[in-house]
Amino acid sequence: MHCVIDIGSNTIRLAVYRVDSSGLHPILNNKRAAGLASYVDGKNCLSDRGVEKLISVLREFQSILEMLPNCPVYPFATASLRNIVNTQQVLQRVREETGLHIRVLSGYEEATLDYRGAVGSMDGGSGLMVDIGGGSTELVFFHDERILAAKSIPLGSLNLFSRFVSNLFPTKKELHAMEEEVRTTLLQSLPPAAEYVAQPLCGVGGTARAALTLYQNLEGEESGGVYERAFLKKVLHQADENPRKLLRRILKIAPDRVHTLVPGVLILHTVARVYGSRTILTSPHGVREGYLSLMLEREEEHHV
């Protein structure tokens with residue numbers, strides 16, 4: 001068995017896999033809503049309370065892993081520790097108090113590992129992979145198992161909520177302001193190009209999975225992980241016109257995302273509009289599987 005610890009801006013997740021010749025098989029998936037982005041101060045430093053929260057969750061996970069002797073652990077962080085200025089101090093303190101050596105992925109590494117985990121096993125084809133996290137969004141255009149472009153933008157569901165939303169759900173004015181921010185950032189960071197094909201859009205991560213669950217709950221049907229972009233527009237319209245009804249649904253299917261799901265859906269919808277995606281396909285895999293497969297590959301090369 002092998003384990004990864006994924007330290008995100010909103011959640012920290014422990015995932016344990018059984019590994020054999022046929023691939024990675026999930027055994028345990030344990031998540032804690034740590035909200036590390038909310039502990040970042042005005043100097044863009046993770047506060048002492050934030051570091052203590054991180055260490056507390058890691059120690060809790062280590063107590064679980066004590067029941068799995070000889071299980072290698074590969075902890076990594078994304079925008080949660082990438083986008084702060086005291087990254088090295090945080091890593092050192094975590095190392096001293098837990099013994100864990102956390103690898104902080106660059107935006108490009110995160111995007112390509114997302115692709116590796118989510119769509120790298122697809123048989124050819126073209127499309128756009130999107131992973132919306134709490135503090136960043138990763139985009140990868142691919143064609144015939146080849147990455148054409150990969151980019152990480154510093155906009156995620158949690159930091160968008162923190163910057164623009166005054167109550168639990170955004171107002172129409174706040175929705176418009178967020179959409180303009182996302183659209184402008186996308187066009188500056190990764191403008192559409194003739195060789196990019198964004199159909200289908202492959203959604204990765206917690207926001208994408210929660211959006212799919214919301215679709216199944218609202219429409220009352222299983223979709224095989226696929227739905228049309230029009231559904232995302234419907235969610236955003238309901239957030240403005242009937243927020244109480246939408247709130248009840250989100251509390252039912254994803255209570256830990258009650259404040260971040262609408263901003264996350266807005267990012268997903270805006271990406272789909274900017275690049276012309278009509279169909280959303282949701283992958284159950286992503287950066288954790290990509291990172292673990294990379295670590296296993298490097299271990300194998302080391303022992304050859």
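Residues numbered from 1 in each chain as written. Predicted model: local features only at pLDDT ≥ 70, side-chain atom pairs only at ≥ 80, totals over all residues. Heavy atoms only, no water.

*Asks:* Explain the pattern of salt bridges to me, and be specific about the residues and the numbers.
*Replies:* If charged atoms from side chains of opposite charge come close, those side chains can pair. Summed over all chains, the structure comprises 16 salt bridges. Salt-bridge contacts for Glu60 lead to Arg32; the nearest nitrogen and oxygen are separated by 2.5 Å. Here the residue Glu60 occupies a position in helix H1 (residues 48-65), and Arg32 occupies one in strand S3 (residues 23-33), the gap between them amounting to 28 residues. Among the ionic pairs, Arg82 bridges to Glu110, the shortest N-O distance being 2.9 Å. Residue Arg82 is found in helix H2 (residues 79-82), and its partner Glu110 is found in helix H4 (residues 107-118); the two are separated by 28 residues along the sequence. Assessed through its relative accessible area of 5%, Glu110 is described here as buried. Here the salt bridges share partners, and the residues they tie into one network are Asp48, Glu52, Arg59, Arg93 and Glu97. (Salt bridge = Lys/Arg side-chain N within 4 Å of Asp/Glu carboxyl O. Helix = DSSP H or I, 4+ residues; strand = E, 2+ residues; numbered from the N terminus. Buried < 20%, exposed > 50% of the residue type's maximum accessible area, 1.4 Å probe, protein only.)

*Asks:* A description of the environment of Ile12 should follow, citing residues and the corresponding values.
*Replies:* With respect to the element layout, Ile12 can be found in strand S2 (residues 11-20). For the pair formed by Ile12 and Ala33, sequence separation is 21 residues and the distance between their alpha carbons is 6.5 Å. Those residues in contact with Ile12 that lie beyond four places of it in its chain are Ile5, Asp6, Ile7, Asn30, Lys31, Arg32, Ala34, Leu36, Leu54, Val57 and Phe61. (Contact = heavy atoms within 4.5 Å.)

*Asks:* Give a detailed account of the packing of aromatic side chains, specifying residues and quantitative values.
*Replies:* The final tally for this structure, using the stated rule, is 7 aromatic pairs. Measuring from ring centre to ring centre gives 4.3 Å for Phe141 and Tyr196, while their planes differ by 15°; the resulting arrangement is stacked. Of this pair, Phe141 sits in strand S7 (residues 137-143) while Tyr196 sits in the loop between helix H6 (172-189) and strand S9 (201-204), placing them 55 residues apart in sequence. According to the relative accessible area criterion, Phe141 is buried, its value standing at 1%. Seen from their ring centres, Tyr215 and Tyr227 are 5.2 Å apart, and the 20° between their planes marks the pair as stacked. Residue Tyr215 is located in helix H7 (residues 206-219), and its partner Tyr227 is located in strand S10 (residues 226-228); the two are separated by 12 residues in the primary sequence. (Phe/Tyr/Trp six-rings, centres within 6.5 Å; stacked < 30°, edge-to-face > 60°.)

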